[in-house]
Amino acid sequence: AYNFLVFSQFLGITAVLSGHAVLHDRQCGTFTFLLLSPVRRVELLAGKVIGAMGPSLVMYIVVCGGYALMASWLPITASLGAFLPPSAAWCVAFFLGGPLWAAFVSTICVVVSCLVRDVRTAQQVVWFIVFFATFFGGFMLSYVLDEGVMVQVGVALLALLGTLGGLFVGAEVISRELRR
């Protein structure tokens, strides 16, 4: 249960932070200037994703990782070795899968931020995404920990493919907006 909460809350926080990334620039009038900058659309969106993930990633690693490490030292958790550090599957899920799933969810929310025109709509759609993404991502990362490292690598690769696909779709969305 602890791992599910850690992963799902990390995904939720990054989604909320990224749900207004492009919308805020559009409302402030700086979006046009960003589009004129010498960066590709994919790089612009990746920067928005990384910027939204930064603060929550630091908290995730320090607080949740530290707590899990301390919990693994307790005698009562001795039977839960596959679900806590230093388990290899847990380390892959925590350091690779968690950030990649957060990037995937954040990318989806940044693309939503490109499509919507007002804050209320952005909030509603982002919370809809958060609801389903946190359950799915949290489940994928936490309830298959005992399946081993290769399953966790597969879960992380799934998130990486989703992130890359989302970035390229988002770049097309922005380019379509320019043609209007």
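Let me sum up the structure you'll find in this document. (Residues numbered from 1 in each chain as written. Predicted model: local features only at pLDDT ≥ 70, side-chain atom pairs only at ≥ 80, totals over all residues. Heavy atoms only, no water.)

1. A few points about the overall build of the protein
Consideration 1: Counting secondary structure elements, the protein contains seven helices and zero strands.
Consideration 2: Of the regular secondary structure in the protein, the N- to C-terminal order runs α-α-α-α-α-α-α.
Consideration 3: Dimensions along the principal axes, computed over C-alpha positions, put the protein at roughly 60 × 30 × 25 Å.
Consideration 4: Buried positions account for 46% of the 180 residues belonging to the protein.
Consideration 5: The contacts of the protein with a sequence gap of at least 6 include a subset with a gap of at least 24, amounting to 82%.
Consideration 6: On the protein, roughly 9400 Å² of surface is accessible, and the fraction owed to carbon and sulfur atoms is 75%. (Helix = DSSP H or I, 4+ residues; strand = E, 2+ residues; numbered from the N terminus. Buried < 20%, exposed > 50% of the residue type's maximum accessible area, 1.4 Å probe, protein only. Contact = heavy atoms within 4.5 Å. Areas by Shrake-Rupley, 256 points an atom, 1.4 Å probe, with all protein chains shown as cover.)

2. Details of a nonpolar patch on the surface
Consideration 1: Among the surface-exposed residues, Ile-13, Leu-17, Val-58, Met-59, Ile-61, Val-62, Val-63 and Phe-95 lie close enough to one another that they form a single nonpolar patch of about 740 Å² accessible area.
Consideration 2: Broken down by secondary-structure element, the contributors of at least two residues to the nonpolar patch are α1 (2–18) and α4 (41–72).
Consideration 3: With five residues, the top contributor of residues to the nonpolar patch is α4.
Consideration 4: Counting through the fold element by element, Leu-17 comes out in helix α1.
Consideration 5: With a relative accessible area of 43%, Leu-17 lands in the partly exposed category. (Patch = residues over 30% accessible without salt bridge, like charges linked within 9 Å, V, L, I, M, F, W, Y side chains within 5 Å. Salt bridge = Lys/Arg side-chain N within 4 Å of Asp/Glu carboxyl O.)

3. What about the pattern of salt bridges?
Consideration 1: Here the structure, examined in full by the defined rule, presents two salt bridges.
Consideration 2: Residues Asp-25 and Lys-48 are paired through a salt bridge, measuring 2.2 Å at the closest nitrogen-oxygen approach. Highlighted residues: Asp-25 in helix α2 (residues 21–28) and Lys-48 in helix α4, separated in sequence by 23 residues.
Consideration 3: The partner of Glu-43 in a salt bridge is Arg-40, with the nearest N and O atoms 3.1 Å apart.
Consideration 4: The exposure class of Arg-40 is exposed, given its relative accessible area of 58%.

4. Considerations on the state of the cysteines
Two cysteines whose sulfur atoms are joined by a covalent bond form what is called a disulfide.
Consideration 1: Counted under the stated rule, the structure contains zero disulfides.
Consideration 2: Of all cysteine sulfurs, the one in Cys-114 lies closest to Cys-109, which takes part in no disulfide; the gap is 11 Å.
Consideration 3: Residue Cys-109 is classed as buried on the basis of its relative accessible area, which comes to 0%. (Disulfide = S-S within 2.5 Å.)

5. Focus: the nonpolar core
Consideration 1: With 48 residues, the main nonpolar core has Phe-7, Leu-45, Phe-94, Val-105 and Ile-174 as its most contacted residues.
Consideration 2: Elements with a contribution of two residues or more to this core: α1, α2, α3 (31–36), α4, α5 (88–115), α6 (119–142) and α7 (149–179).
Consideration 3: Broken down by element, the residue count for this core peaks at 14 residues, all from α5.
Consideration 4: With sequence-adjacent residues up to four places away left out, Phe-94 is seen in contact with Val-6, Phe-7, Tyr-60, Ile-61, Cys-64, Gly-65 and Pro-99. (Core = buried A, V, L, I, M, F, W, Y, C linked by side-chain atoms within 4.5 Å.)

6. Comments concerning the packing of α1 against α6
Consideration 1: In the contact formed by α1 and α6, the axes pass within 8 Å of each other and the chain directions differ by 145°. Considering how the two elements wind past one another, α1 and α6 form a crossing that is right-handed. In this structure, α1 uses Asn-3, Phe-4, Phe-7, Ser-8, Leu-11, Gly-12, Ala-15 and Val-16 to contact α6, whose residues at the interface are Val-126, Trp-127, Val-130, Ala-133, Thr-134, Phe-135, Gly-137, Gly-138, Phe-139, Leu-141 and Ser-142.
Consideration 2: The residue inventory of the contact of α1 with α6, partitioned by class, reads twelve nonpolar, seven polar and no charged. (Axes fitted to C-alpha atoms, helices over the stretch in contact; angles between N-to-C directions. Left-handed = near helix turned anticlockwise from the far one by under 90°. Nonpolar A, V, L, I, M, F, W, Y, C, P; charged D, E, K, R; others polar.)

7. Some remarks on the packing of aromatic side chains
Consideration 1: In total, this model carries 14 aromatic pairs according to the counting rule given.
Consideration 2: Look at Phe-4 and Phe-135: their rings are 6.1 Å apart centre to centre, the planes differ by 25°, and that puts the pair in the stacked class. Of this pair, Phe-4 sits in helix α1 while Phe-135 sits in helix α6, placing them 131 residues apart in sequence.
Consideration 3: Relative to Tyr-60, the ring of Phe-7 has its centre 6.5 Å away and its plane inclined at 50°; by these criteria the two rings are tilted. With Phe-7 in helix α1 and Tyr-60 in helix α4, this pair connects stretches of sequence that are 53 residues apart.
Consideration 4: Here Phe-7 falls in the buried class, since its relative accessible area comes to 1%.
Consideration 5: Ring pairing ties together the aromatic residues Phe-4, Phe-128, Phe-131, Phe-132, Phe-135, Phe-139 and Tyr-143, which thus form one cluster.
Consideration 6: A cation over an aromatic ring shows up here: Arg-26 above the ring of Phe-31, its NZ or CZ 5.1 Å from the ring centre. (Phe/Tyr/Trp six-rings, centres within 6.5 Å; stacked < 30°, edge-to-face > 60°. Lys NZ or Arg CZ within 6 Å of the ring centre and 35° of its normal.)

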